Amino acid sequence: MRAIFLSDGSIFTTGFSRMSERQLALWRTDNMDEPISVQEMDSSNGILLPFYDPDTNIVYLCGKGDSSIRYFEITDESPYVHYLNTFSSKEPQRGMGYMPKRGLDVNKCEIARFYKLHERKCEPIIMTVPRKSDLFQDDLYPDTAGPDPAVEAEEWWAGKNGNPILVSLKNGYVATKNRELKVSPNPNPNPAPQKTPGPPSPQPASVVSCDNQVVIWNVGTGEALVRLDDMHPDVIFSVCWSRSGSLICTACKDKKVRVIDPRKGKVVVVSLAQR
């Protein structure tokens, strides 16, 4: 099972039904008792990996062991999740990577680029929209998330949220000078994680999951700031931040989705088991 936040705050999940059919579902966080949309896919046993483009509200599904990529558009109109098309190839994929929007070639109307992992090679898969005009296509490339953080770790701990800082792709993305990331050596290689933050450093925080735990790290100091270790009864399959950075959602082996406020260290809402 996998779960990702969408730009409007809803949650998109992939998993398996009781009949072992692959399915996808869309949830509203204000009512997690029932998904607002459920679609059965097929009876393959490969895990569906979702990749989301918040600029166009398109979700790409890549099944492990499949030889295809399905894509869907998320809208506010029923049935909410609309099938668009399928890209098919001959060889199955062992894994898949997804290029951020600012790495695409806007002159070729490239809207997505995947990196398909084979047994002995990595193959780029490029998706384009054919256009006759050589002008910049505003409808394909709205302002997209840039590399700069909206808030620093110190501000985030203080309670500040922030949507991604957007950049224009009209002239192609031009990388700015990278900020220096200073990592402070930690004399204790196995620091005891804390449930309350210590003195924060102005560096980004990240999320890692393993052994039924979610850990939030300060990547500048290597300090484990918070460990959420009593919320999941089984293995955590995926973790995803909300767009504003205020919440995280997790998908667990118990087939439940949990929306968590990491600063308060509590579960906000839990879905019923995926059917």
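Here, every reference points to the structure presented above.
These lines cover the structure that appears in this document, whether it is placed above or below. (Residues numbered from 1 in each chain as written. Predicted model: local features only at pLDDT ≥ 70, side-chain atom pairs only at ≥ 80, totals over all residues. Heavy atoms only, no water.)

Regarding the overall build of the protein
1) Next: The secondary structure content of the protein amounts to one helix and 20 strands.
2) Next: Across the 275 residues in the protein, those meeting the buried criterion constitute 40%.
3) Next: Of all intrachain contacts in the protein linking residues separated by at least 6 positions in sequence, the fraction that spans at least 24 positions is 44%.
4) Next: When the accessible surface of the protein is summed, it comes to about 15,100 Å², and 50% of that surface belongs to carbon and sulfur atoms. (Helix = DSSP H or I, 4+ residues; strand = E, 2+ residues; numbered from the N terminus. Buried < 20%, exposed > 50% of the residue type's maximum accessible area, 1.4 Å probe, protein only. Contact = heavy atoms within 4.5 Å. Areas by Shrake-Rupley, 256 points an atom, 1.4 Å probe, with all protein chains shown as cover.)

Looking at the sheet that holds strand β11 (residues 122-128)
1) Next: Reading across the sheet, the three strands line up as β9-β10-β11 and stay open at both edges, with antiparallel pairing between neighbours. Among the strands making up the open sheet, the edge pair consists of β9 (95-98) and β11. Geometrically, the sheet is characterised by an average inter-axis angle of 25° between neighbouring strands, direction not taken into account.
2) Next: Direction of pairing for strand β10 (residues 110-117) relative to β11: antiparallel, over a ladder of seven bridges. In the sheet register, Leu117 faces β11, and the bridge partner there is Cys122. (Pairing = 2+ DSSP bridges. Axes fitted to C-alpha atoms, helices over the stretch in contact; angles between N-to-C directions.)

Comments concerning the packing of aromatic side chains
Two descriptors summarise a pair of aromatic rings, namely the distance from one centre to the other and the angle between the planes of the rings.
1) Next: All told, the structure shown has 10 aromatic pairs when counted by the stated rule.
2) Next: When the centroid spacing of 5.7 Å and the interplanar angle of 40° are considered together, the rings of Phe51 and Tyr98 count as tilted. With Phe51 in strand β5 (residues 48-53) and Tyr98 in strand β9, this pair connects stretches of sequence that are 47 residues apart.
3) Next: Take Tyr98: its relative accessible area is 25%, and that puts it in the partly exposed class.
4) Next: Judged by centre distance (5.6 Å) and plane angle (85°), the ring pair of Trp156 and Trp241 falls under edge-to-face. Of this pair, Trp156 sits in helix α1 (residues 153-157) while Trp241 is found in strand β17 (residues 236-241), placing the two residues 85 residues apart along the sequence.
5) Next: Residue classification places Trp156 among the buried positions, given a relative accessible area of 7%.
6) Next: With relative accessibility at 26%, the residue Trp241 sits in the partly exposed group.
7) Next: Here a set of aromatic residues connected by ring pairs shows up, and it is made of Phe51, Tyr60, Tyr71, Tyr98 and Phe114. (Phe/Tyr/Trp six-rings, centres within 6.5 Å; stacked < 30°, edge-to-face > 60°.)

Worth remembering: the numbers are spatial, not functional.
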